[in-house]
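# Chains, contacts and geometry: an overview
Single-letter residue listing:
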Amino acid sequence: MVIGRHAIRAGRLLAMLLAVAAPWTAANAAGDDFGRFLDVAKGYCVTAPARSCVNRLWPFADRNRDGALDLGEVQALEKDAGAWAQTVDRKRNDPERDTTLVVLMVLKQTGLPKVFDSFDADRDGTLTPAELFADFRFDKRPFAALAGDPSAVDWASFGNRFGPIGTLLASLLRPAPRRSQTAPPQH
Ligand SMILES: [Ca+2]
Ligand SMILES: [Ca+2]
C-alpha cells in the first residue's frame, strides 16, 4: 500500500531530520526523550503539512529559543540520538533506529561540524528552518508526500551536504519511484 510505505518513509525522514535538528536539554533522559519525541513527531507529521510539522517541532528542538540551532545544540542531539538508539530493542525491526544509526554513522564519518557548515548558507554559525530545509519545497503536503516528489525535494543536493557517503543516505531516505512513473510509455 502506497500510503503505508510513505508513512514508513516519513518516519525514516523524520528520524533523520531530528537527528540533524533536534537538541535535548541535559536535564532530560536523553534516550527516553528522543524516543518520545520521535513518537510524537511521527504521529503528527505523517499527515500534517511539512511546514506545520517543522513549526511544531522547532521550539522543542531550539533549546535556547533563539529561533535557530547552533552547533552545540546539534551536537547535544547527536549524543542523545546515540543514547536513544542503544535503548531500542535490537531484535525488533525498527526503521527509525536503523535510519538514526545510519545518520550517526554518516555524521561521524564526515564530521558533524562539516555537515553543519554545509547547511549554514549565510555562515552565521546557526541553522534556521529555511537553511535546514533549503532542499525542500514546502506546500500543503506532509513530508511523506514531498519525499517522493522530485520537484519538491532535491535529494542529490541534500545528500551532498552530508559528504561523500551522503548519496547513500539520500538513497535510503528517498522513496523508490513508482513503477507507473518510470515505465516506458506503451505503444
Ligand atoms: Ca537555538
Ligand atoms: Ca545560518
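I will try to describe carefully the structure that is included in this document.

## Remarks on the environment of Asp-62
Relative to the assigned elements, Asp-62 resides in the loop between helix H3 (50–61) and strand E1 (69–70). Residues Asp-62 and Val-74, spaced 12 residues apart in sequence, show a C-alpha to C-alpha distance of 9.4 Å. When near neighbours in sequence (up to four residues on either side) are disregarded, Asp-62 contacts Gly-67, Ala-68 and Leu-69.

## Brief notes about the environment of Leu-168
Within the fold, Leu-168 resides in helix H10 (residues 166–173). Each C-alpha atom of the pair Leu-168 and Val-106 lies 9.2 Å from the other, and the pair is 62 residues apart in sequence.

## Examining unusual backbone geometry
A negative phi holds for most residues other than glycine; trans holds for most peptide bonds. In this model, Arg-65 sits at a positive phi of 55 degrees, which is unusual for a non-glycine residue. For Arg-123, which is not glycine, the phi torsion reads 55 degrees and is therefore positive. Inspection of the secondary structure puts Arg-123 in the loop between helix H6 (112–119) and strand E2 (126–127). Its 7 C-beta neighbours within 10 Å are what place Arg-123 among the exposed residues.

## Here's the deal with the packing of helix H5 (residues 95–110) against H10
At a closest axis distance of 10 Å, the pairing of H5 and H10 adopts a crossing angle of 165 degrees. Classed by the angle they form, the pair H5 and H10 counts as roughly antiparallel. Taken as a pair, H5 and H10 cross one another with a handedness that is left-handed. Of the residues in H10, those in contact with Thr-99, Val-102, Val-103 and Val-106 of H5 are Gly-166, Leu-169 and Leu-172. By residue class, the composition of the contact of H5 with H10 is five nonpolar, two polar and no charged.

So, how was this worked out
- Residues numbered from 1 in each chain as written.
- Chains lettered and ligands numbered in written order.
- Predicted model: local features only at pLDDT ≥ 70, side-chain atom pairs only at ≥ 80, totals over all residues.
- Helix = DSSP H or I, 4+ residues; strand = E, 2+ residues; numbered from the N terminus.
- Contact = placed C-beta atoms within 7 Å.
- Buried ≥ 20, exposed ≤ 12 C-beta atoms within 10 Å, placed from the backbone.
- Axes fitted to C-alpha atoms, helices over the stretch in contact; angles between N-to-C directions.
- Parallel < 35°, antiparallel > 145°, perpendicular 65-115°, else oblique.
- Left-handed = near helix turned anticlockwise from the far one by under 90°.
- Nonpolar A, V, L, I, M, F, W, Y, C, P; charged D, E, K, R; others polar.

From the geometry alone we can't say anything about function, so treat these as descriptive.
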